[in-house]
Amino acid sequence: MPADAPGRGPGFDDGLPPLVDHHCHGVLRHEPDPRAFAGYLTESDRPPAAGTTFFDTQAGFAVRRWCPPLLDLPAHCSPESYLARRRELGPDETRRRLLRATGIGAYLLDTGLPGDLTGPAETAEAGGATGYPVVRLEALAERIAAAAHDTEEFTDVLAGAVQAAARTAVAFKSVAAYRHGLALDPGPPTPDAVRAAARSWLAAGAPRLTDPVLLRHLIWLAVATGRPLQLHTGFGDPDLRLDHADPALLTDLVRATADTGTDLVLLHCYPYHRQAAYLAGVFPHVYADIGLTLTHTGPRATAVLAEFLELAPFGKLLFSTDAYGLPELYVVGSALFRTALSALLGEWTAGGAWSQEDARRVGAMIAAGNARRVYGLPPTEP
Amino acid sequence: MPADAPGRGPGFDDGLPPLVDHHCHGVLRHEPDPRAFAGYLTESDRPPAAGTTFFDTQAGFAVRRWCPPLLDLPAHCSPESYLARRRELGPDETRRRLLRATGIGAYLLDTGLPGDLTGPAETAEAGGATGYPVVRLEALAERIAAAAHDTEEFTDVLAGAVQAAARTAVAFKSVAAYRHGLALDPGPPTPDAVRAAARSWLAAGAPRLTDPVLLRHLIWLAVATGRPLQLHTGFGDPDLRLDHADPALLTDLVRATADTGTDLVLLHCYPYHRQAAYLAGVFPHVYADIGLTLTHTGPRATAVLAEFLELAPFGKLLFSTDAYGLPELYVVGSALFRTALSALLGEWTAGGAWSQEDARRVGAMIAAGNARRVYGLPPTEP
Amino acid sequence: MPADAPGRGPGFDDGLPPLVDHHCHGVLRHEPDPRAFAGYLTESDRPPAAGTTFFDTQAGFAVRRWCPPLLDLPAHCSPESYLARRRELGPDETRRRLLRATGIGAYLLDTGLPGDLTGPAETAEAGGATGYPVVRLEALAERIAAAAHDTEEFTDVLAGAVQAAARTAVAFKSVAAYRHGLALDPGPPTPDAVRAAARSWLAAGAPRLTDPVLLRHLIWLAVATGRPLQLHTGFGDPDLRLDHADPALLTDLVRATADTGTDLVLLHCYPYHRQAAYLAGVFPHVYADIGLTLTHTGPRATAVLAEFLELAPFGKLLFSTDAYGLPELYVVGSALFRTALSALLGEWTAGGAWSQEDARRVGAMIAAGNARRVYGLPPTEP
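Everything quoted here is computed from the prediction, not taken from an experiment.

(A) Region of interest: the sheet that holds strand 7 (residues 286–289) of chain C. Residues and elements named next belong to chain C. Strand order in this open sheet of eight strands is 1-2-3-4-5-6-7-8, and the pairing throughout is parallel. Strand pairing shows two members of the sheet lacking a second neighbour, strand 1 (19–24) and strand 8 (317–318), which therefore form its edges. As paired elements, strand 3 (residues 130–136) and strand 4 (residues 171–174) share three bridges and run parallel to each other. In the strand pairing of strand 4, Val134 is matched with Ala171.

In structure tokens form, the structure reads like this:
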């Protein structure tokens, strides 16, 4: 985080341990053109409206606040100046400078997105940190389907691949919210139902996986491994229907998995983050995540984090950036988290609601400790 | 806005251009009695509960804060004193004084509400501004139905009337939220379906239009003209079911209209304004509006506007008052907008999150520039 | 409320009348063990997740803030020290000390929860106040069913018992949200439907009542008495589905009861409190409650109360604690309410949005006056 950030004195963020970014993505290996760069500032997959730019968003302003000083430019310089300097430094140096300023010590990186992106180890190395892979279930299934000769081969290979992944990955991730919505039947589908669904899907050429039976099958395969399962909830790109991504819709699945020993981590959650915090509050195996949400709300990150911290037990909330494509999103996600957390802890201790000691302890839990416990990471990175 | 408002120094609102009130209604030509006056302070169409008064609401307190000084009375004087002074001045002088204090330069006025109300030009003239008509689709259809002799005449005249309106009105408005709720089939109904629905409706004597086929037909007739379409979403009077007015329910219609070239403006939105801001963020042709919402939340307008400004791109949010009946609601809607905007821009620049230059630019966009672009208004009024 | 609470100067809470806690529960007569104590700090009915404790929640921190000074310990002392001191004082002295610090003058106590709990008079006496019973409909029906010999006896005794309860209780309470969810058919079930449902339920041994016909029958029996009906809405323990407890789902029932003369009080409401405030704003016979919600949101109580006060008319919002089991929850619920209310009134008067006089008046309404009017209590307690 820039040391020269305006309006920052010493705060609770200064005492934080290295952050564990428990849900993130690779960054582009190459230099994006200005239009591609701007496209990473939004969850839209469409062009901006005429007369508007994706830089005119909280995420765009946050990038212009936090990143230029790391590339030797003044905060809030123009997008053009920033992108020119970025090209001058090149993608490797830009990535190194930006990631080293995040304070992130461990990257739990979802490897399931397409594109020429850095992997877990490569991302972590640029940031002087450790990388861990997270396996995206739908991408795994689609890859296996593309190579499978028949239904039986598909289901067998898939089951084996999920078990194998559980030995190397720290978590699984489901994007059922994008593919069908979260109003899924809660229980595992029967083997017959899985076979029938797989047969139809393969017969259709295995396009983008949206079949609810197969989506549930993936979830239950992952749950059976005992590895934490990250579930996309809340906002995202526009092929999701927002109201079908309300985490409250997962309640029956949450109940059905309560005795499996597997933890569920509700990602993003916004604008249903109070619902997610509630679920984390009443179900022992449910956790909530702030990634993506803080990045896209800029100076409102403090208020939004505060809303999470109404019902979420302090041992149940996890930091992430959900950064994707641009190392800038790692900077913004971590800086906004630190700023927001420090502001809240400062306010609550100043008012006497929390003790200083509790504030430091809870800050460290959300920043790193909870994720280390949930994902079984070492107490510190080597 | 009263110059003597307590606690106001120079702020970002001082540099704003004349506001464009992109969604509002006429005001009463006559003097309302006290009970009728109070009835305009609430979205309820019923009497207040025993022992309560509609003055005891944020809207009521806001009127008592901002309006008495404009009529030479102290802020927060009693409703009785205020209404007495109002009668003394008469409706014309009251309207002139109040509207001139709003800073509004253009009124985009929905002409579809009943009552002895000022029209666009008349309202604007009292405020020293320009008026533009907005055509309410359901009112247009009901008017045509009342005069039509048969189904064919109705559908023909309606289609022609919408096309004609597009040549003079700056926008259309749909209140499908009130009439059916927003969970509508997304596509245009077939001509056969429209004829059948029209036949039934006319046969029943063309009562208040609630048929979902006809509501969709109106929407698609309007969309075909290319004029922006304003859609009521969120809270309103009690014949609406709040949960059926969540703008997220419009997602499929939003997708279906994505390539038409017509913009959709989600009105009001509260308490689903974060959902509306999300839609404005991911769909190029979707915009969000703050009207009604700020008026009814009083000193909370700052927090609510901030929630809009989490996901809404800054080029996608539009000021309005949704004032109706009382010129006081124009004063309150504009004063709360200016106050809230100034507070946010002040906070975000003071904290370094935004630059001063960006803050001024974005303020002007929300206050006027976005609406001028979307509705094709001249850069300034003549 | 502790006089030595940090950061407190004189505020609007100093002028408040004795509070009317219009919805609460008995406290344990015996000393709970540490695990049982912690279990009352959460709405979960399950153990905490490994590595976490229910003390690490806003409710837990709030108890450690407000209660230790009342037992001669420093604020924020460890749970262990606090519980040790509590055991030393014993349950009677603890209860007396804690309840006397709440400023509550009247307890409207739901007697329908199981356990060795203090009743209305006993609770009130410990707090130097007056107690009034509230009758929980489902508990009443289950008790009657356990003794009934046949369907006819059950329905007859139930009808008589509701009428009898209306003569001694100040209100009824429905937990249909827990038993079925709030998406109930709005009208009263027919006598035949009631008999059929009762027959099936009794034949099954009258387990926990979840039949929607019987739940509606109870609601309409209560409505017929004219006594206010409290309805659980929003969050609660995990056998409710949060999205099925959105008070907006009650809209049709609200409409169906509009002309009965009976008031409906929406309890808790969070995170749908803006929806509840809207309903209270547009329907004369609907009220909203802050109980449970403020207790569980700690220093966020100010922000959450502010959200209620966006659309809720000031004569329509009621204070309660929803305290249950621990007298600590009475302390926390009342202290957070006073603190939050004082902060808001202070902010709104300082900014000029509200007058001092209005602020004092509205504070007294929410604290006590509205409840005294709705429940027909005397202007002050004897």
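There is more to say, and it comes next.
(B) Up close: the interface of chain B and chain C. With 37 residues of chain B at the interface, the matching set in chain C holds 35 residues. It is Phe61, Arg241 and Arg300 of chain B that lose the most area in chain B upon contact with chain C, and together they represent 20% of the buried surface on that side. Viewed at the interface, chain C and chain B are joined by five salt bridges. Residues Arg64 of chain B and Asp358 of chain C are paired through a salt bridge, measuring 2.9 Å at the closest nitrogen-oxygen approach. There are 21 residue pairs in polar contact (both at pLDDT 80 or more) connecting chain B and chain C. Elements with a contribution of two residues or more to the side of chain B that touches chain C: helix 2 (58–66), helix 12 (293–297) and helix 13 (301–311) of chain B. Top element by residues in the side of chain B that touches chain C is helix 2 of chain B. It accounts for four residues.

(C) Summary view of the packing of helix 13 (residues 301–311) of chain A against helix 14 (residues 327–350) of chain A. Residues and elements named next belong to chain A. Look at helix 13 against helix 14: their axes get within 8 Å of each other, and the N-to-C directions meet at 65°. By the angle between their directions, the pair helix 13 and helix 14 is classed as roughly perpendicular. In this structure, helix 13 crosses over helix 14, and the sense of that crossing is right-handed. Here Ala301, Thr302, Leu305, Ala306 and Leu309 of helix 13 come into contact with helix 14, specifically with Leu336, Ala340, Leu341, Ala343, Leu344 and Trp348. Class assignment for the residues of the contact of helix 13 with helix 14 results in 10 nonpolar, one polar and no charged.

(D) Here's a closer look at the interface of chain A and chain B. Counting from both sides, the interface comprises 37 residues of chain A and, opposite them, 35 residues of chain B. Interface area for chain A against chain B, summed over the two sides, is near 3,000 Å², with a carbon-plus-sulfur share of 56%. Together, Phe61, Arg241 and Arg300 of chain A form the three largest contributors to the area buried by chain A at its contact with chain B, with a combined 20%. On the surface where chain A and chain B come into contact, there are five salt bridges. Linking chain A with chain B are 20 residue pairs in polar contact (both at pLDDT 80 or more), by the criterion used here. Of all elements in the fold, only helix 2 (58–66), helix 12 (293–297) and helix 13 of chain A reach the threshold of two or more residues within the side of chain A that touches chain B. Take the side of chain A that touches chain B: its biggest share by element is four residues, from helix 2 of chain A.

(E) Focus on the environment of Leu99 of chain C. Residue and element names in this part refer to chain C. Tracing the sequence through the fold places Leu99 in helix 3 (residues 79–100). As for Leu99 and Ala129, which are separated by 30 residues in sequence, their C-alpha atoms are 9.3 Å apart. With sequence-adjacent residues up to four places away left out, Leu99 is seen in contact with Tyr107, Thr123, Ala126, Gly127, Pro327 and Tyr330.

(F) Representation of the confidence of the model for chain A within the structure. Mean pLDDT over chain A works out to 96, with 97% of the residues at or above the 70 mark. Interface confidence for the predicted complex, given as ipTM, is 0.96, next to a pTM of 0.97.

(G) Spotlight on the sheet that holds strand 1 (residues 19–24) of chain B. All names here are of chain B. Strand order in the open sheet made by the eight strands is 1-2-3-4-5-6-7-8, with parallel pairing throughout. Taken across any chain shown, the strands that pair with only one partner, and hence form the sheet edges, are strand 1 and strand 8 (317–318). Bridge analysis of strand 1 against strand 2 (residues 104–110) gives four bridges, and the strand direction is parallel. Within the sheet, the bridge partner assigned to Val20 lies in strand 2 and is Ala106. Contacting strand 3 (130–136), strand 4 (171–174) and strand 5 (229–233), helix 5 (residues 137–147) crosses the sheet at an angle of about 65° to strand 3.

(H) Layout of the pattern of salt bridges. Under the definition given, this model contains 84 salt bridges over all chains. Notably, a salt bridge pairs Asp45 of chain B with Arg46 of chain B, separated by 3.2 Å at the nearest N-O pair. Residue class for Arg46 of chain B comes out partly exposed when judged on its relative accessible area of 28%. For the salt bridge of Lys173 of chain B with Asp110 of chain B, the shortest nitrogen-to-oxygen distance reads 3.3 Å. Taken together, the residues span a long stretch of sequence, with Lys173 of chain B in strand 4 and Asp110 of chain B in strand 2 at a distance of 63 residues. Asp110 of chain B matches Lys173 of chain B in its accessibility class, with the two residues each being buried. Via salt bridges that share partners, Arg274, Arg300, Glu307 and Glu310 of chain A, Arg274, Arg300, Glu307 and Glu310 of chain B together with Arg274, Arg300, Glu307 and Glu310 of chain C belong to a single interconnected network.

(I) The packing of aromatic side chains, seen in detail. According to the stated counting rule, one finds 36 aromatic pairs over all chains in the structure shown. Both rings, one in Phe319 of chain A and one in Phe337 of chain A, keep their centres 4.6 Å apart while their planes meet at 35°; by these two values the pair is tilted. Here Phe319 of chain A is found in the loop between strand 8 (317–318) and helix 14, whereas its partner Phe337 of chain A is found in helix 14, with 18 residues between them in sequence. The pair formed by Phe319 of chain A and Phe337 of chain A is uniform in burial state, with each residue classed as buried. Ring centres of Phe61 of chain B and Phe314 of chain C lie 4.9 Å apart, and the angle between their planes is 65°; on these two criteria the pair is classed as edge-to-face. One end of the pair, Phe61 of chain B, is in helix 2; the other, Phe314 of chain C, is in the loop between helix 13 (301–311) and strand 8, on a second chain.

(J) The environment of Glu122 of chain A, seen in detail. Residues and elements named next belong to chain A. Counting through the fold element by element, Glu122 comes out in helix 4 (residues 120–126). Sequence-wise, Glu122 and Gly26 are 96 residues apart; in three dimensions their C-alpha atoms are separated by 8.7 Å. If near-sequence neighbours (up to four positions away) are discounted, Glu122 is found in contact with Arg29 and Leu117. Within the structure, Glu122 has its side chain in polar contact with the backbone nitrogen of Gly119 (distance 3.1 Å).

(K) Representation of helix 8 (residues 191–203) of chain C. All names here are of chain C. When the terminal C-alpha atoms of helix 8 are compared, their 18 Å separation across 13 residues agrees well with the 18 Å that a helix rising 1.5 Å per residue should span. Residues of helix 8 that are buried include every one of Val194, Ala197, Ala198 and Trp201, and no others. What you see down the axis of helix 8 is that its buried residues fit within an arc of 100°, all on one side. Those residues of helix 8 that are exposed and aimed more than 90 degrees away from the buried face are Asp192 and Ala203. Buried positions along helix 8 lie against helix 5 (137–147), helix 6 (151–168) and helix 9 (212–225). Positive phi shows up at Gly205, right after helix 8, with a value of about 90°.

(L) Just the relation of the copies chain B and chain C, in detail. Turning chain B through 120° and shifting it by 0.0 Å along the axis lays it on chain C, with an RMSD of 0.0 Å. Such a turn and shift between the copies fits a three-fold axis. The rotation axis passes nearest to the C-alpha of Ala303 of chain B in chain B, at a distance of 5.5 Å.

(M) Broad picture of the relation of the copies chain A and chain B. Turning chain A through 120° and shifting it by 0.0 Å along the axis lays it on chain B, with an RMSD of 0.0 Å. A distinct binding surface is used by each copy, with only 3% of the interface residues of chain A retained as interface residues in chain B.

(N) Quick look at the pairing of strand 7 (residues 286–289) of chain A. Residues and elements named next belong to chain A. Here strand 7 shows a buried face lined by Val286 and Ala288 and a second buried face lined by Tyr287 and Asp289. For the crossover that starts at strand 6 (residues 264–268), traverses helix 11 (residues 273–282) and ends in the parallel strand 7, the hand is right-handed. Pairing analysis gives two bridges linking strand 7 to strand 8, with the strands arranged parallel. Within strand 8, the residue paired with Asp289 across the bridge is Leu318.

Parameters and conventions
- Sequence positions are assigned chain by chain, starting from 1 and proceeding in written order.
- Throughout, the order in which chains and ligands are written sets their labels, letters from A for the former and numbers from 1 for the latter.
- Restriction of local features to residues with pLDDT of at least 70 applies here, the model being predicted, together with a cutoff of 80 or more for giving and counting side-chain atom pairs; totals for whole chains, interfaces and linings are based on all residues.
- The basis for the side-chain values is all heavy atoms of the structure; hydrogens and waters are excluded.
- When DSSP finds two or more bridges between two strands, those strands count as paired.
- Here a strand is any run of E in DSSP of at least two residues, a helix any run of H or I of at least four, and the numbering for each starts at the N terminus.
- In what follows, residue pairs with any heavy atoms lying within 4.5 Å of each other are defined as contacts.
- Summed over both partners, buried area is the accessible surface (1.4 Å probe) that two parts give up on being assembled.
- Whenever Lys or Arg places a side-chain nitrogen within 4 Å of a carboxyl oxygen from Asp or Glu, that contact is recorded as a salt bridge.
- Under the rule applied, a polar contact is a pair of N or O atoms within 3.5 Å (in protein, one hydrogen donor and one hydrogen acceptor; residues adjacent in sequence only if both atoms are side-chain atoms).
- The axes used here are C-alpha line fits, helices contributing only the stretch in contact, and every angle between their N-to-C directions lies in the interval 0 to 180 degrees.
- Working rule for angles: under 35 degrees goes down as roughly parallel, over 145 as roughly antiparallel, 65 to 115 as roughly perpendicular, anything else as oblique.
- A clockwise turn of the near helix away from the far one marks a right-handed crossing, whereas an anticlockwise turn of less than a right angle marks a left-handed crossing.
- In the scheme used here, Gly and all other residues not listed as nonpolar or charged are polar, with Ala, Val, Leu, Ile, Met, Phe, Trp, Tyr, Cys and Pro taken as nonpolar and Asp, Glu, Lys and Arg as charged.
- Confidence scores per residue from the predictor, reported as pLDDT, run from 0 to 100.
- Only protein chains enter the area calculation, which uses a 1.4 Å probe; residues under 20% of their type maximum are buried, those over 50% are exposed, and those in between are partly exposed.
- A pair of Phe, Tyr and Trp rings is counted when the ring centres sit within 6.5 Å of each other, with Trp represented by its six-membered ring. The angle between the planes then sorts it: under 30 degrees is stacked, over 60 is edge-to-face, the rest tilted.
- Working rule for helices: expected span equals 1.5 Å times residues minus one.
- Picture the helix axis, draw a direction to every C-beta atom, and the arc is the one those directions span.
- Here the copies are superposed with least squares, the fitted atoms being C-alpha atoms of residues at a pLDDT of at least 70 in both.
- With strands facing away from the observer, any crossover in which the path from the first strand over the helix to the second runs clockwise is taken as right-handed.

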